[in-house]
Amino acid sequence: MEKAFKEISERIRQHMEQQFDSPEQSDNGKDELGISGTVNFDEAVDGNGDGHYKFSQYGGGAKVHATAVIEEPANGVFDIDVRSSDGGKIVAKGIKAGTEVSGTLSTSFFHSTTVKGDLHCSIPNVRVKGKIHYKI
């Protein structure tokens, strides 16, 4: 999931650069930047079924509205806990593959935001795969 969230952060950065290069196309303080998309994730879990990640990235003060869907392993049961240091979370316990989980993660305009994620799968030593649909 770390790679997926870094891709989303990169989209925010590119958008901000465009705004600085073309101020006549400014967002004028809109809450949403008009950025959306889908990114895949592929996260390994260990012998206990646990996967963890933590990273810091600049997010430009954007709010990321995200919906995650785990697709594999199809017969697993999952716990997800993703939190932003600047507010917001995506949390679900005991969900099955195909279940949508939504939340909002906030970022800071003034500093890098740390995103921490914990994933548990009822099946150990597998790769958990899915998609994150986002809107910023």
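This structure is a prediction, so every number in the text was calculated from the model and none was measured.

Student: A description of the overall build of the protein chain should follow, citing residues and the corresponding values.
Tutor: Secondary structure summary: the protein chain contains one helix and eight strands in total. In the protein chain, the succession of helices and strands from N to C terminus is α-β-β-β-β-β-β-β-β. Across the 136 residues in the protein chain, those meeting the buried criterion constitute 41%. Partitioning the intrachain contacts of the protein chain with sequence separation of at least 6 by distance along the chain shows that 76% fall at a separation of at least 24. Summed over all atoms, the accessible surface of the protein chain reaches about 7400 Å², with 47% contributed by carbon and sulfur.

Student: An account of the pairing of strand 4 (residues 77-84) is needed here, citing residue identities and associated values.
Tutor: Across six bridges, strand 4 lies against strand 5 (residues 88-96) in antiparallel orientation. Its bridge partner being in strand 5, aspartate 81 is matched across the sheet by valine 91. Examined bridge by bridge, strand 4 and strand 7 (residues 113-121) share seven bridges and lie antiparallel to one another. Its bridge partner lying in strand 7, valine 82 is registered against glycine 117.

Rules used in this analysis
- Residues numbered from 1 in each chain as written.
- Predicted model: local features only at pLDDT ≥ 70, side-chain atom pairs only at ≥ 80, totals over all residues.
- Heavy atoms only, no water.
- Helix = DSSP H or I, 4+ residues; strand = E, 2+ residues; numbered from the N terminus.
- Buried < 20%, exposed > 50% of the residue type's maximum accessible area, 1.4 Å probe, protein only.
- Contact = heavy atoms within 4.5 Å.
- Areas by Shrake-Rupley, 256 points an atom, 1.4 Å probe, with all protein chains shown as cover.
- Pairing = 2+ DSSP bridges.

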